[in-house]
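As a plain string of letters, each chain reads:
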Amino acid sequence: MGENKFMTYVRKFRLKEHSLGMAFIVLMIIATIVGWPNFLKVRNLTNILRQISYTGIIGLGMTLIIISGGIDLSVGSMTAFVGGISIFFLNRFGPDSTMGIVLTFLFALLLGSACGALNGVMVARFKMAPFIVTLGTMSIFRSLIQYFSNAGTILSVNMDYGKLGSSMFLGLPIPVWCFIIVGLVLHVLLNHTSFGRYLCATGANEQVARYSAIKVSVVKFLPYVITGFTVGITAIMWSSRLNCINPSDCAGYEMDAIAAAVIGGTLMSGGKGSIIGTMMGAIMLGIINNMLVMGGISAFLQQAVKGFVIIVAVLLQYNSGNSK
Amino acid sequence: MDETPNILELEGIVKEFSSVRVLDRVSMSIRQGEIMGLIGENGAGKSTLIKIVTGIYQKTEGTVRLDGKQVNIPDYITAKGLGIGIVPQEFNLINYLTVYENIFLGNERNRGIFLDKSAMRGEARAQLAALKMPLDVDKAVSDLSVAEKQMVEIAKAMVLDARILIFDEPTTTLTAVEVQHLFALMRKLKEQGVTMIFISHKLGEVLSICDRVTVLRDGILVSVDPVADLDTTIMARKMVGRDFSQVFPEKVDSSGKPPILEVENLSCPVLLKDVSFTLRKGEILGFAGLVGAGRTETMEAVMGLRKIEGGTIRLDGKEVRIHHPREAVDHGLAYISEDRQGKGIVMDYDIPKNISLISLKEKYKKRGLIDKAKEAESSEHYIKEFNIVAASKRAALRFFSGGNQQKVYLARWMDTKPRILILDEPTRGIDINAKREIYEFIHRLAEDGISCIIISSEMEEVIGMCDRVYVMREGRIAGCLVKEQVTEENIVFNATGIQKGMKQDG
């Protein structure tokens, strides 16, 4: 029975993630050859994972938003905002205690969720276009943190804070663990709970969802809160890594988060998506970046390659959607 | 008879989709100026045949001759050029554009590099006048009724001087009165020498408008007969391929039963005014009226899908307030929308996911997660009960026929264990066999004490199924017909308001 179940899982998994999995393997092989022997070194691989984990965590929440038919452009500014305010909080309430760090972490999760809720209320309750709402809050968060910090770096005075972001646990950096854990939790949420079912139905056709007695406004609201929560995690991981935050940090995070989701097979039109796909998408972006760095390609060109990959991913998606 | 020359001849048409033969050597000819009926069950090959004639599909084998000359129709533009037009089932109109802009869409008149709007307006007006269609050419299409949109589609085909006009189930979304208008228009076109092909599921309509009728079954041509040799029974038998005893089951008598749902003076802004009706336990209640008379809106208000301005709803004598469909479901109400694909099923979900969508939290939860084994088991049960034909139950519903989609939709609501089932146009766009299955199912429900409301624009359906029928007009209840009062005449009179002195019944 157990084996049978496993076999059906494997079969289903393959069918769904076929092309993405193949692309992933091909990319790994290319990277191994091009980057021989450095690419396969544990240190390099760990580094890639660390690099992608910051935007990757947000990408996981973003996947849910995109499935719901929305988008969140404010996540980058929100990360800087939540990170900055959290350091203020830490300096005020726990400048020299471990307890202070724990409290700050909780505070960041709360503040992130609240910021997400702000977006969510405007989208779900007041039925505003997500693109416009989050374009607005993107400016607001960025402007506020620049104001509060006088456009200067916000430094943490707690000497232990930095350990959180730079420590390893069982051979992996803490942010990577966060990425994996959040990924698994959201994967279960998306595929094995009624919320996930409602989310895909709402994203595919809101009318159908409404007529099926689904509380559409709640379903559209929650992904923004969840994304705010993931922003809270990233804000702590990023700011503790450097023990400070610069108010201009984290610009462009929204693009990496959206890119990871799209490469992972999430439909921009909503209704369909995969958390595992987003995780693979984020890692693939990291590998490509790593190859370019090791190959000595100009940093200015790296963004162009990323853009190209996104376009190809959407093109493939569009074509497979068309053949239906 | 044979003096009239054939305008369109099809010979040995074969169409295969990845080696599945959906049309098998179909040969038929259509005479100049006749109206040819084309009937058959869903999947019989009507649409495929039409799509080959209009260049949307390419035939695998066979020849098409127009005026005796062999023609090749590689795309729809070529078909239009040859004078073949189609009034599609799903309208291809752009809502934001006006009537004349839609009529000339893709065929604009130019003056230099600019659009010649006045010429287009004038031509559109002339075309509409020639067809006796009272339409303002500057009106936006989004403001038109379904019947008016159809007129625009007809005019759109006619500005191209269509000689052969194909109507693909044109009456599905029309009311009885609008159908009569359409038929008058078709007769006028016939006088002008236009040849027409009329596809419909409604056999009575086919008999009244067509000269000859072609029957397809499973991709094979069964017969071509003049209407004089046909009646609905013969046609049904030819379509199904066996004797077709009775479509409607015997009526359920519920006159002595207690009321379960009482609606009093229900009002919604603009749409509904003082709507009152009573539904008895185990009753099959009919709601008739023209499209837009407020039948759908009434039920949506009851289900909590619309804001109510005033009025009371009582269930089992107790007043209830319903603000959200969820509350309606909790009270045992179920509503199957007329818009199956727009408001009903999730096209990308498979059968189990579609069936469990509403009852997910109540029935399929185990430790906070979805119990997928139970979900599969339950859908297995419904596939058997409703005789749902699916290649794979894991396939998305977009690959299913209309009848099977409707059954899945029905199964989803049955899974909520409703006490009151409201069916809005439950048999729209599905074939006779599936129709009969649904009628029988409703009948079984009523016998088990579940109350049903059927909203239908197909009069025979209401007459065949219901003992009591409310007729709505312009957002109000125009009358309630009981037993022998339930006739086509009475319904039409109440729906259009031409009748006086009808007995009222609460």
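Conventions and cut-offs
- Sequence positions are assigned chain by chain, starting from 1 and proceeding in written order.
- Each chain takes a letter, starting from A, and each ligand takes a number, starting from 1, following the order in which they are written.
- Thresholds applied to this predicted model are a pLDDT of at least 70 for local features of residues and 80 or more for the giving and counting of side-chain atom pairs; totals over whole chains, interfaces and linings are not thresholded and use all residues.
- Under the scheme used here, helices are H or I runs from DSSP no shorter than 4 residues and strands are E runs no shorter than 2 residues, and both carry numbers assigned from the N terminus.
- Counting other C-beta atoms within 10 Å of a residue's own tells you its class, since 20 or more makes it buried, 12 or fewer makes it exposed, and anything in between is partly exposed; those C-beta atoms are placed from the backbone.
- What counts as a contact here is a pair of residues whose C-beta atoms, placed from the backbone, lie within 7 Å.
- If DSSP finds at least two bridges between two strands, the strands pair.
- To get an axis, fit a line to the C-alpha atoms, keeping to the stretch in contact for a helix; angles then go from 0 to 180 degrees between the N-to-C directions.
- Ten residues, namely Ala, Val, Leu, Ile, Met, Phe, Trp, Tyr, Cys and Pro, are considered nonpolar, four, namely Asp, Glu, Lys and Arg, are considered charged, and the remaining ones, Gly among them, are considered polar.
- Throughout, the edges of the domains are those of an automatic or database domain assignment.
- Helix span is expected to be 1.5 Å times the residue number reduced by one.
- Note on terminology: a nonpolar core is any set of buried Ala, Val, Leu, Ile, Met, Phe, Trp, Tyr and Cys residues joined through C-beta atoms within 7 Å.
- Any angle that falls under 35 degrees is termed roughly parallel, while one over 145 is termed roughly antiparallel, one within 65 to 115 roughly perpendicular, and all others oblique.
- Two helices that cross are described as forming a left-handed crossing if the nearer one is turned anticlockwise from the farther one by less than a right angle, and a right-handed crossing if clockwise.
- Each residue gets a pLDDT score, which is the predictor's confidence in that residue and runs from 0 to 100.

Engineer: Could you give an account of the overall build of chain B, with specific residues and numbers?
Structural biologist: Check the secondary structure of chain B and you find 18 helices and 24 strands. Counting over 506 residues, chain B shows a buried share of 44%. Of the contacts formed within chain B by residues at least 6 apart in sequence, a portion of 68% connects residues at least 24 apart.

Engineer: Residue-level account of the overall build of chain A, with values.
Structural biologist: Within chain A one finds 13 helices and 4 strands. Counting only C-alpha atoms and orienting by the principal axes, one finds that chain A spans roughly 55 × 55 × 45 Å. Considering chain A as a whole, with its 324 residues, one finds that 50% of them fall into the buried category. Restricting to contacts in chain A with at least 6 residues of sequence separation, those with at least 24 account for 78%.

Engineer: Before we move on, can you summarise the environment of B:Thr298 with the specific residues and values?
Structural biologist: Secondary-structure assignment places B:Thr298 in helix H9 (residues 295–302). For the pair B:Thr298 and B:Val263, spaced 35 residues apart in sequence, the C-alpha separation works out to 9.8 Å.

Engineer: How would you summarise the sheet that holds strand E14 (residues 272–280) of chain B if you had to cite specific residues and measurements?
Structural biologist: Strand pairing in a sheet relies on backbone hydrogen bonds. The paired strands run either parallel or antiparallel. Residue and element names in this part refer to chain B. Strands sit in the order E14-E13-E16-E17 across an open sheet of 4 strands; the sheet is antiparallel. Sheet topology places E14 and strand E17 (318–320) at the edges, where each strand pairs with a single neighbour. The sheet shows a mean angle of 20° between the axes of neighbouring strands, direction not considered. By the bridge criterion, 6 bridges tie strand E13 (residues 259–268) to E14 in an arrangement that is antiparallel. Considered in E14, the bridge of Leu266 is made with Val275. Across the sheet, H9 touches E13, E14 and strand E16 (310–315), and the angle it forms with E13 is around 110°.

Engineer: Which residues make up the sheet that holds strand E11 (residues 212–217) of chain B, and what values do they have?
Structural biologist: Residue and element names in this part refer to chain B. Here 6 strands make up an open sheet; going across it, the order is E6-E9-E10-E3-E11-E12 and the pairing mixed. Taken across any chain shown, the strands that pair with only one partner, and hence form the sheet edges, are strand E6 (84–87) and strand E12 (220–226). Ignoring strand direction, the axes of neighbouring strands in this sheet form an average angle of 20°. In this structure, strand E3 (residues 35–39) lies alongside strand E10 (residues 195–199), joined through 4 bridges in parallel fashion. Bridge pairing links Ile35 to Met196 in E10.

Engineer: How would you explain the interface of chain B and chain A if you had to name every residue and give the values?
Structural biologist: On the side of chain A, 15 residues touch chain B, which itself brings 21 residues to the contact. Within the residue set of the side of chain B that touches chain A, elements represented by two or more residues are helix H10 (325–330), helix H11 (340–344), helix H13 (360–363) and strand E20 (369–370) of chain B. For the side of chain B that touches chain A, a count of residues per class yields 10 nonpolar, 5 polar and 6 charged.

Engineer: Could you give me a rundown of the domain arrangement of chain B, with the residues and numbers involved?
Structural biologist: Residue and element names in this part refer to chain B. We note that the domain assignment places domain 1 (6–240) and domain 2 (259–332 + 418–496) within chain B. Inter-centroid distance (C-alpha atoms) of domain 1 to domain 2 is 34 Å. Opposite the 13 residues of domain 1 that make contact, domain 2 presents 13 residues. Secondary structure elements with two or more residues in the side of domain 1 that touches domain 2: helix H6 (176–191) and helix H8 (232–240). Per-element tally for the side of domain 1 that touches domain 2: the top contributor is H8, with 3 residues. Broken down by class, the residue content of the side of domain 1 that touches domain 2 amounts to 6 nonpolar, 6 polar and 1 charged.

Engineer: Describe the pairing of E3(B), listing the residues and the values that go with them.
Structural biologist: Residues and elements named next belong to chain B. Most of E3 sits out of view: 5 of its 5 residues are buried. Neither face of E3 is open: one carries Ile35, Gly37 and Ile39, the other Met36 and Leu38, and all of them are buried. Pairing analysis gives 4 bridges linking E3 to E11, with the strands arranged parallel. Looking at the pairing, Leu38 lines up with Thr214 of E11.

Engineer: Can you lay out helix H7 (residues 174–192) of chain A for me, pointing to particular residues and giving the numbers?
Structural biologist: An ideal rise of 1.5 Å per residue puts 27 Å on 19 residues; H7(A) measures up with 27 Å between its terminal C-alpha atoms. All of the buried residues along H7(A) are A:Ile174, A:Pro175, A:Val176, A:Cys178, A:Phe179, A:Val182, A:Gly183, A:Leu186 and A:Leu190.

Engineer: Got a sec to walk through the environment of A:Ile275? Specific residues and values, please.
Structural biologist: Residues and elements named next belong to chain A. Within the element layout of this structure, Ile275 appears in helix H12 (residues 275–294). By the C-beta count within 10 Å, which is 27 here, Ile275 ends up buried. In this structure, the C-alpha to C-alpha distance between Ile275 and Val185, residues 90 residues apart in sequence, is 9.6 Å. Other than its neighbours up to four places away in sequence, Ile275 contacts Leu60, Thr63, Gly183, Leu186, His187 and Leu190.

Engineer: Quick rundown of the nonpolar core? Include the residues and the values.
Structural biologist: One broad rule of soluble globular proteins: the nonpolar side chains tend to lie buried together. Counting 171 residues, the largest nonpolar core has B:Cys452 and B:Ile454 as its most contacted members. Per-element accounting of this core gives the leading share, 14 residues, to helix H10 (residues 216–242) of chain A. By size, the runner-up hydrophobic cluster in this structure holds 65 residues, among which are B:Leu38, B:Phe167, B:Val215 and B:Leu230.

Engineer: Let's hear about the packing of H7(A) against H10(A): which residues, and what values?
Structural biologist: All names here are of chain A. Orientation of H7 relative to H10, taken along the N-to-C sense of each, is 170°, at an axis distance of 10 Å. Relative to H10, the element H7 is oriented roughly antiparallel. For the pair formed by H7 and H10, the contact residues are Ile174, Pro175, Cys178 and Val182 on the first element and Thr230, Ile233 and Met237 on the second. The residue inventory of the contact of H7 with H10, partitioned by class, reads 6 nonpolar, 1 polar and no charged.

Engineer: Run through the packing of helix H3 (residues 75–93) of chain A against helix H5 (residues 130–148) of chain A, naming residues and quoting values.
Structural biologist: Residue and element names in this part refer to chain A. Look at H3 against H5: their axes get within 8 Å of each other, and the N-to-C directions meet at 30°. Here H3 and H5 pass one another in a crossing that is left-handed. In this structure, H3 contributes Ser77, Met78, Ala80, Phe81 and Gly84 to the contact, and H5 contributes Met138, Phe141, Arg142, Leu144, Ile145 and Phe148. Residues belonging to the contact of H3 with H5 are distributed by class as follows: 8 nonpolar, 2 polar and 1 charged.

Engineer: An account of the confidence of the model for chain B is requested, with residue identities and associated values reported.
Structural biologist: All names here are of chain B. Summing up the model confidence of chain B, the mean pLDDT is 87 and the portion of residues at 70 or higher is 95%. For chain B, per-element mean pLDDT is lowest for H8, which scores 81, and highest for strand E18 (residues 333–336), which scores 96. Within the model, pLDDT remains below 50 along residues 499–506, and this stretch shows 10 contacts once partners closer than five positions in the same chain are excluded.

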